[in-house]
Amino acid sequence: MNQERILELWAKFLQGTSLSSEEEVALCDGFRNDERLRQEILKDLRVHGLLRSLEGDPLAEEAFQRRFFGRLAADSDESQFIRRVESQLPVERKDSPDDPASRVPRPKTRRRRSPPSTRRSVAGRPGASPGAWTWGLVAAGLFMGILVLLFFTSSESGQVEREKISRERRAPGKQSQPSGARAEDEGAKPRGETERIARPAEEAQAENERKRRELSRVRVRPGDPAAEEERTKVPPKPEDEKARREPGAVGRAEKNPEPPAPPPTPREEKPRPAPAAAPGTQVQEATQVVIAQVEESCGEVFLLTKAGKVPAMPGMNVLSAQGLETGTTGGSRLVLRFPDKTCIELGARTEVSEIKLAAGKKLLLDRGTVRAQVSKQPKAEPMLIATPHGEAKVVGTTLRIVVDPDPNKGTQLEVEEGKVELKNLAGKTVLVESGHVAVAATGVELVAKSLQINEILLFPWQARLVAAEWSLVPDSSAHGGTALYARKTSYQIKQVGTNSIYGSVKSRPSYVLFNFYADGGKDYWVWLRGKSLPEDPNHVTTAEVAVEVPGAQLNPLNAESGDRTLTADHAYDFTGFFRFPGYGWIGGAGEHPEQGKVDEVPLSIRFSRSGMQTLKLHALQAPAWIDAVWLSTTQSTRPQAGQAGN
Amino acid sequence: MEQEERLVEQARRGSHEAFRELLRLHQGRLRAYLSGYIWDRDAADDLAQESFLAAYRNLGGFRGEAPFGLWLLRIARNHALAYLRNEGRRRAHEQGKFVPVLANALASCAELGEGDLDSPDREIQALRTCVEKLPAHSAELIRGYYFKNRSVVDMGRELGKGKSAIGMTLLRIRTALRQCMESRLAATEAEA
């Protein structure tokens, strides 16, 4: 095979095109056997690499820096965790295999999910010694040793008994009914033997659960050492403050009175019916449970920890009993993701004083706005959002909850999808269904009313990106600091003479998807805020984006310049972003400055019914940046560049 | 240089802002260096991240005997070597596959290429000048592919050519740029 052909294959390889097996073999042979060719290829790769980094894309550089500090934060978080584990080491090392206490199966401590970093190393501060890992490994080895010992100790009772323990752990308090061969096997073993093994495990678990509940009842102000002390050592007394903030909890207590909490006694003197978990384990569990992770943060956003306020950065873990706060600037925003994909978004001027797991997720929302997309929760463990005026119980839905600083305005709950139960301080409850709103406030009757949706603002972080054409990028000039960015597109606009022929967007593999609640039977003007490269004579690098609204009726009067294929797809193209120096609003129709149609009436759409709607964005020409979509029943003229919502 | 030393000192004391500035100053040359050995763009970016993280963690061990940038490139080279050896080893069993062959060859180059470490700046400067001197048509192709991230398919469609043809044209332009760059570097060295 000649050199030209090998170089052609190399060019193909370099641009990411897959080679056939014959081509790969040819390229391998050429590369191995022809030294000159090999040098040629290696030098070409060098130039290729230099070219790739020659013209720094500011967005890519910013993204690189952001990613780096995100990873740094995640690593730092992990190293703090490791240090805490190390601080427990002397206690664990004193555990003797002969000590019955050490035989007790430890309650499963929920180990937090690994951060996105692929390499593990201690990195709390620059220059932190990697030797700290040694202690971590020693601890892990010791712990594993104890577990293995425990395994062999209990194995004398046989597999069946282990199964029984496992069953009893799953259903504590329930008497299991052995049947068939299993019952016979169990009958062959002395019953006391089984209980001897099962009881400590069960009791240790019950004890831990009881303590966890006690701990989660106390509301701790971050940075309050006295409260911290109380939370970690002394079982709290029920307080009026708790009753005010947790009406649900009060209601439960009245219905199912619990025994009063025991007076605080030193741990050593407390009688224990069975050996318990090692000292420190409980505190470890209460403080180390990772509840969620910061997914996005913009502006002034803080994690409220025991040590005080810490700037919240993407990738940071939120532990049980920590809180969140956003600043007063308009762009301040924080998105939190739970392991079950439940997502909550805090708007500006919001304070969630505590997030915890207590028979489900629980948020104490002091003020501000929280929008939540809640994945389906177990029925017995709904997500609770407690505010100073009431409590919302969520099983799985999309909602927005606003706590007004004015107590007369109270807490407003808007449900986009699903059902949410709202309870006020008087104990009255109302079921709020999708498209409805209810207000819990002093002197306001608690009723659900139909929600009139006149203004819908959709931002990049609410979108779902399907396939690879679109990505979320940081952009300081975008609203909220984030934009949807299409670097390339496979869509083709054919030119026939002076006419542009648009293909269908219906089966495009990559797009941006928004789901939102909107009313049916009313007209919404559609505005897109976007950015483009400067105009080029052939319009091939200027941004062009199609808005597809499946099932909606597009106003045909406004779609005068729209292509029929797109219109048939319930879609319309938005172009002309290049006319703005940065981001600007485009109304879709009539955005052709060369035809003098700059500020004509924008596209309007009408949904056939109220409920959850879908809107898709397709990149028709790239690169394109979009930072907001606005559907409005009132905004019929072009908004100001900085305007977002009425 | 004094400013850089100050930034390193501040970063060592825990200043994120100082390290952000160091990252901004050096990310271009670091990525340029890595991209010369790592053909996969995402992998090169990942290694650049790893290199900066390693530098951050080990700032305490940086004695300032060599410039910070050179120290950083040495870290990057170690990461690149580890990646290439791993790629070579991991896919060694894949008969007739090009990636392990290329990875092993590049690992050997990186191992021997201590001299490359102080060259990215000069190379970038020379290459920049050479790109400016390209004929308009070639410059447009290079800008489109490398600076505007356009695909060869798009550019081919625009020019009425297939993607293989565009790929080969880019290869020829790169060869011309390399020759131009080498002669400029040789001339600079002769002057020095």
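Shown above is the structure to which this text applies.
Rules and cut-offs
Residues numbered from 1 in each chain as written. Chains lettered and ligands numbered in written order. Predicted model: local features only at pLDDT ≥ 70, side-chain atom pairs only at ≥ 80, totals over all residues. Heavy atoms only, no water. Pairing = 2+ DSSP bridges. Helix = DSSP H or I, 4+ residues; strand = E, 2+ residues; numbered from the N terminus. Axes fitted to C-alpha atoms, helices over the stretch in contact; angles between N-to-C directions. Disulfide = S-S within 2.5 Å. Buried < 20%, exposed > 50% of the residue type's maximum accessible area, 1.4 Å probe, protein only. Contact = heavy atoms within 4.5 Å. Core = buried A, V, L, I, M, F, W, Y, C linked by side-chain atoms within 4.5 Å. Buried area = accessible area lost by both parts, 1.4 Å probe. Polar contact = N/O pair within 3.5 Å; in protein donor to acceptor, adjacent residues only side chain to side chain. 1 Å grid on protein atoms, 1.4 Å probe; cavity = no way out; pocket = protein on both sides within 12 Å on 5 of 7 lines; lining within 4 Å. Points joined across faces, edges and corners; volume = space filled by probe spheres on them.

Colleague: Can you help me understand the sheet that holds strand β19 (residues 464–466) of chain A in this one?
Modeller: In sheet architecture, strand pairing relies on hydrogen bonds along the backbone and comes in two forms, parallel and antiparallel. All names here are of chain A. Across the sheet, 5 strands lie side by side as β19-β24-β31-β26-β28; this open sheet has antiparallel pairing. Both outer strands of the open sheet, β19 and β28 (571–575), are each paired with one neighbouring strand and no more. Averaged over all adjacent pairs, the angle separating strand axes in this sheet is 30°, with direction ignored. Here β19 runs beside strand β24 (residues 511–518); their pairing, made up of 3 bridges, is antiparallel. When the bridges of β24 are listed, Arg464 appears paired with Leu513.

Colleague: When you look at the state of the cysteines in this model, what are you seeing that I'm missing?
Modeller: Residue and element names in this part refer to chain B. For the coordinates displayed, the defined rule picks out 1 disulfide over all chains. Disulfide pairing is shown between Cys130 and Cys180; the S-S distance is 2.0 Å. Taking the sign of the S-S torsion, about -85° here, the bridge from Cys130 to Cys180 comes out left-handed. Here Cys130 is found in helix α6 (residues 120–132), whereas its partner Cys180 is found in helix α9 (residues 163–191), with 50 residues between them in sequence. Overall, the relative accessible area of 2% leaves Cys130 in the buried class. On the basis of relative accessibility, which here comes to 24%, the residue Cys180 falls in the partly exposed class.

Colleague: Could you clarify how one ought to interpret the pairing of strand β21 (residues 482–486) of chain A in this entry?
Modeller: For a regular strand, side chains alternate in direction, first toward one face of the sheet and then toward the other. All names here are of chain A. Counting buried positions along β21 yields 5 of 5 residues, so the element is predominantly enclosed. Burial along β21 is two-sided: the face carrying Thr482, Leu484 and Ala486 and the face carrying Ala483 and Tyr485 are both buried. Sheet topology places strand β20 (residues 470–474) next to β21; 5 bridges connect them, and they run antiparallel. Bridge pairing links Leu472 to Leu484 in β21. In this structure, β21 lies alongside strand β32 (residues 624–632), joined through 3 bridges in antiparallel fashion. Looking at the pairing, Ala486 lines up with Ala624 of β32.

Colleague: Explanation requested: the environment of Leu185 of chain B in the structure shown.
Modeller: Residue and element names in this part refer to chain B. Positionally, Leu185 belongs in helix α9. Considering only alpha carbons, one finds Leu185 and Arg122, 63 residues apart in sequence, at a separation of 7.5 Å. If near-sequence neighbours (up to four positions away) are discounted, Leu185 is found in contact with Arg122, Glu123 and Ala126.

Colleague: Would you take a moment to explain the nonpolar core for this structure?
Modeller: Side chains that are nonpolar tend, in soluble globular proteins, to be buried together. In terms of nonpolar packing, the biggest core is built from 65 residues, with Trp10 of chain A together with Phe19 and Trp39 of chain B touching the most fellow members. Residue contributions to this core peak at 10 residues, all from helix α4 (residues 68–90) of chain B. Setting aside its immediate chain neighbours within four residues, Trp10 of chain A contacts Leu27, Ile41, Asp44 and Leu45 of chain A together with Phe98, Leu102 and Leu171 of chain B. Ranked by size, the runner-up nonpolar core spans 40 residues in total, among them Phe338, Val374, Leu413 and Val415 of chain A.

Colleague: How should I be thinking about the interface of chain B and chain A in this particular structure?
Modeller: Frequently, the measure chosen for interface size is the accessible area removed from exposure when the parts meet. Taken residue by residue, the interface counts 72 residues in chain B and 56 residues in chain A. For the pairing of chain B and chain A, the buried interface totals around 6,300 Å² over both sides, and the portion due to carbon and sulfur atoms is 63%. By the criterion of area lost to chain A, the three top residues of chain B are Gln49, Arg57 and Phe98 of chain B, representing 13% of everything that side buries. Summed over the shared surface of chain B and chain A, the number is 9 residue pairs in polar contact (both at pLDDT 80 or more). Among the secondary structure elements, those contributing two or more residues to the side of chain B that touches chain A are α1 (2–12), α2 (16–35), α3 (41–57), α5 (98–112), α6, α7 (136–147), α8 (152–159) and α9 of chain B.

Colleague: What's the story with empty space enclosed by the protein in this structure? I'm lost.
Modeller: Under the defined criterion, the tally for this structure stands at 5 cavities of 30 Å³ or more. One number sums up the size of the largest cavity: a volume of about 60 Å³. Taken together, Ala11, Leu14, Gln15 and His48 of chain A together with Tyr145, Tyr146, Gly167, Leu170 and Arg174 of chain B make up the lining of the largest cavity. Going through the elements one at a time, α1 (3–14) of chain A together with α7 and α9 of chain B are the ones with two or more residues in the lining of the largest cavity. Among the elements that make up the lining of the largest cavity, the one with the highest residue count is α9 of chain B (3 residues).

Colleague: I tried to follow unusual backbone geometry on my own but got confused; where do I start?
Modeller: For residues besides glycine, phi is generally negative; the peptide bonds are generally trans as well. Residues and elements named next belong to chain A. The omega angle of the peptide bond from Ala622 to Pro623 is 0°, so this bond is cis rather than trans. Along the chain, Pro623 turns up in the loop between β31 (611–621) and β32. Of note, Ala321 is a non-glycine position whose phi angle comes to about 75°, a positive value. The topology assignment puts Ala321 in the loop between β4 (317–319) and β5 (323–326). Within the chain, Arg349 stands out as a residue other than glycine whose phi angle is a positive 55°. Tracing the backbone through its elements, the reader meets Arg349 in the loop between β7 (343–346) and β8 (351–357).

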